[in-house]
Amino acid sequence: MEGVKAKIAPSMLSSDFANLASEAERMLQFGADWLHMDIMDLYIISIDINCRLFHSISSALLPFLFAPKKNRHFVPNLTIGAPVIQSLRKHTNAYLDCHLMVTNPLDYIEPLAKAGASGFTFHVEVSQENWQELVQKIKAKGMKPGVALRPGTPIEQVFPLVEAEAPVELVLVMTVEPGFGGQKFMPEMMDKVRVLREKYPSLDIEVDGGLGPTTIDVAASAGANCIVAGSSVFGAPSPQDVISILRKSVEGAQCKS
Ligand SMILES: O=C(CO)[C@@H](O)[C@H](O)COP(=O)(O)O
Ligand SMILES: [Fe+2]
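Residues numbered from 1 in each chain as written. Chains lettered and ligands numbered in written order. Predicted model: local features only at pLDDT ≥ 70, side-chain atom pairs only at ≥ 80, totals over all residues. Heavy atoms only, no water.

Visitor: How do you make sense of the pattern of salt bridges when you look at a structure like this?
Guide: Enumeration according to the criterion identifies 11 salt bridges in this entry. Note that Lys-7 and Asp-204 form a salt bridge whose closest N and O atoms lie 2.7 Å from each other. With Lys-7 in strand 1 (residues 7-10) and Asp-204 in strand 7 (residues 204-208), this residue pair connects regions lying 197 residues apart in the sequence. Asp-204 gets classed as buried once you look at its relative accessible area, which sits at 5%. The salt bridge involving Lys-141 is made with Glu-110; its shortest N-O contact spans 3.3 Å. Within this pair, whereas Lys-141 is found in the loop between helix 6 (131-140) and strand 5 (144-149), its partner Glu-110 is found in helix 5 (residues 106-115), the two being separated by 31 residues in sequence. The exposure class of Lys-141 is partly exposed, given its relative accessible area of 41%. Each of Lys-5, Asp-33 and Arg-247 takes part in one network of salt bridges that share partners. (Salt bridge = Lys/Arg side-chain N within 4 Å of Asp/Glu carboxyl O. Helix = DSSP H or I, 4+ residues; strand = E, 2+ residues; numbered from the N terminus. Buried < 20%, exposed > 50% of the residue type's maximum accessible area, 1.4 Å probe, protein only.)

Laid out in structure tokens, this is it:
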């Protein structure tokens, strides 16, 4: 059976940031379809706390106020933002697949659209209240809306976003805890991919974290078609061969199903 097109997206987080344009060009020449851009934030909490304190001190706020510092970021790392996307855009027409690991994705729609982002994938864990607004604004800015979920988040949380009148067009299943490249693939996440593929045959389903030649087959046969791979591609003696193995696995699994 013909499935949704395979898209291989090297994660630029594993590239040499000092040579981002040439790294991007190299990946495209090696056969990459998309370039995956991991955007991670620093959440400025102090203003938020002050405003809320003046209005009400709810019990829900207390654990947040006393949370350890690391919980104030969506992930314990900082990477790139709109200025870097804008710089890269001057050197390439490639599809820039932006994965927003930030606590307030709404703030980044306008700057990233202006910078030249192609896809905008936000996390469901931080968008329970405003995902409809997010999707509408992302689409209005001409970007492809996607939703991502952490390993501990149940897959059911994304169903309403895929089934909405203005739906997300991609679901990104994290196969490691978000924050860093080079971590170990979590095969138990494939149940989520299988459920999604069964329910939504034509949805772009992306997997991200620990993907490479030794883990791709299980993801491809579960139904993933968009494959993010950082360390396995950039760390390989022949990134071209790795990209080709990833693509063949996805296409092979689609032929079998
Ligand atoms: O979003 C993330 C990490 O949070 C990823 O996109 C990683 O950058 C993937 O890197 P590898 O696991 O393939 O090395
Ligand atoms: Fe990512």
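Visitor: Help me out: how do you make sense of the coordination of the iron ion (ligand 2) in this one?
Guide: Octahedral metal centres with six donors ideally show angles of 90 or 180 degrees, and tetrahedral centres with four donors ideally show 109.5 degrees. Protein coordination of the iron ion (ligand 2) is provided by His-36 (NE2), Asp-38 (OD), His-99 (ND1) and Asp-208 (OD), with donor distances spanning 2.1 to 2.3 Å. Taken together, the 6 donor atoms coordinating the iron ion (ligand 2) and their angles of 72 to 175° define a geometry best described as octahedral. Between consecutive donors of the iron ion (ligand 2), the numbers of intervening residues give the motif H-x1-D-x60-H-x108-D. Pair noted here: Asp-38 is in strand 2 (residues 34-40) and Asp-208 is in strand 7, with a separation of 170 residues, a long-range link. Exposure remark for Asp-38: the relative accessible area of 6% places this residue in the buried category. Residue Asp-208 is classed as buried on the basis of its relative accessible area, which comes to 7%. (Donors = N, O, S within 2.8 Å, 3.2 Å for Na, K, Ca; no water. Tetrahedral: all angles 85-135°; square planar, octahedral: opposite > 155°, others 65-115°.)

Visitor: Please explain helix 8 (residues 190-199) as it appears in this structure.
Guide: Because each turn of an α-helix spans 3.6 residues, side chains separated by three or four positions end up pointing in the same direction. Taken together, the buried positions of helix 8 are occupied by Met-190, Lys-192, Val-193, Leu-196 and Arg-197. Angularly, the buried residues of helix 8 cover 150° about the axis, an arc narrow enough to put them on a single face. Buried residues along helix 8 sit in contact with strand 5, helix 7 (159-163), strand 6 (170-174), strand 7 and helix 9 (216-222). (Arc of directions from axis to C-beta. Contact = heavy atoms within 4.5 Å.)

Visitor: Where do I start with the packing of aromatic side chains in this structure?
Guide: Each aromatic ring pair is characterised by the separation of its centres together with the angle its planes make. Here the structure, examined in full by the defined rule, presents 2 aromatic pairs. When the centroid spacing of 4.3 Å and the interplanar angle of 20° are considered together, the rings of Trp-34 and Tyr-95 count as stacked. One end of the pair, Trp-34, is in strand 2; the other, Tyr-95, is in strand 3 (residues 95-101), with 61 residues separating them in the sequence. Positioned over the ring face of Phe-74 is Arg-150, at 4.3 Å from the centre of the ring. (Phe/Tyr/Trp six-rings, centres within 6.5 Å; stacked < 30°, edge-to-face > 60°. Lys NZ or Arg CZ within 6 Å of the ring centre and 35° of its normal.)

Visitor: I tried to follow the site of ligand 1 on my own but got confused; where do I start?
Guide: By nearness alone, 20 residues border ligand 1, and Asp-38, Gly-179, Asp-208, Gly-230 and Ser-231 come closest of all. Contacts to ligand 1 include Gly-230, whose backbone N or O atom sits 2.7 Å from an oxygen atom. Compared with its free state, where it exposes 380 Å², ligand 1 has 100% of that area covered by protein. Of all the elements in the fold, those that place two or more residues in the shell around ligand 1 are strand 2, strand 3 and strand 8 (226-229). Here the residues of the shell around ligand 1 sort into 8 nonpolar, 10 polar and 2 charged. (Near = heavy atom within 4 Å. Polar contact = N/O pair within 3.5 Å; in protein donor to acceptor, adjacent residues only side chain to side chain. Areas by Shrake-Rupley, 256 points an atom, 1.4 Å probe, with all protein chains shown as cover. Nonpolar A, V, L, I, M, F, W, Y, C, P; charged D, E, K, R; others polar.)

Visitor: Looking at this model, I keep getting lost on the side chain of Thr-153. Mind explaining?
Guide: In this fold, Thr-153 is placed in the loop between strand 5 and helix 7. If we skip the residues at most four places from it in the chain, Thr-153 touches Val-124, Glu-125 and Lys-192.

Visitor: Can you walk me through the sheet that holds strand 3 in this structure?
Guide: Adjacent strands of a sheet form backbone hydrogen bonds with each other and so pair up, either parallel or antiparallel. Spatially, 1-8-7-6-5-4-3-2 is the arrangement adopted by the 8 strands of the open sheet, whose pairing is parallel. What marks the edges here is a single partner per strand, and that holds for strand 1 and strand 2. Across the sheet, the mean angle separating the axes of adjacent strands is 20° when strand polarity is ignored. Bridge count between strand 1 and strand 8: 4 bridges; the pairing is parallel. Considered in strand 8, the bridge of Ala-9 is made with Val-228. Helix 4 (residues 82-89) rests against strand 2 and strand 3 of the sheet, and its axis sits at about 175° to strand 3. (Pairing = 2+ DSSP bridges. Axes fitted to C-alpha atoms, helices over the stretch in contact; angles between N-to-C directions.)

Visitor: It is not clear to me how the pairing of strand 5 should be interpreted in this structure. Could you clarify?
Guide: Of all 6 residues in strand 5, 6 are buried, a share of seventy percent or more. Note that strand 4 (residues 119-123) and strand 5 share 5 bridges and pair parallel. Among the inter-strand pairings, Phe-120 is bridged to a residue of strand 5, identified as Pro-145. As for the winding sense of the linkage, the β-α-β connection from strand 4 through helix 6 to strand 5 is right-handed. Here strand 5 runs beside strand 6; their pairing, made up of 4 bridges, is parallel. Pairing of Val-147 across the sheet is with Val-171, part of strand 6. (Right-handed = clockwise from strand over helix to strand, strands pointing away.)

Everything listed here is a matter of geometry and, on its own, says nothing about what the molecule does.
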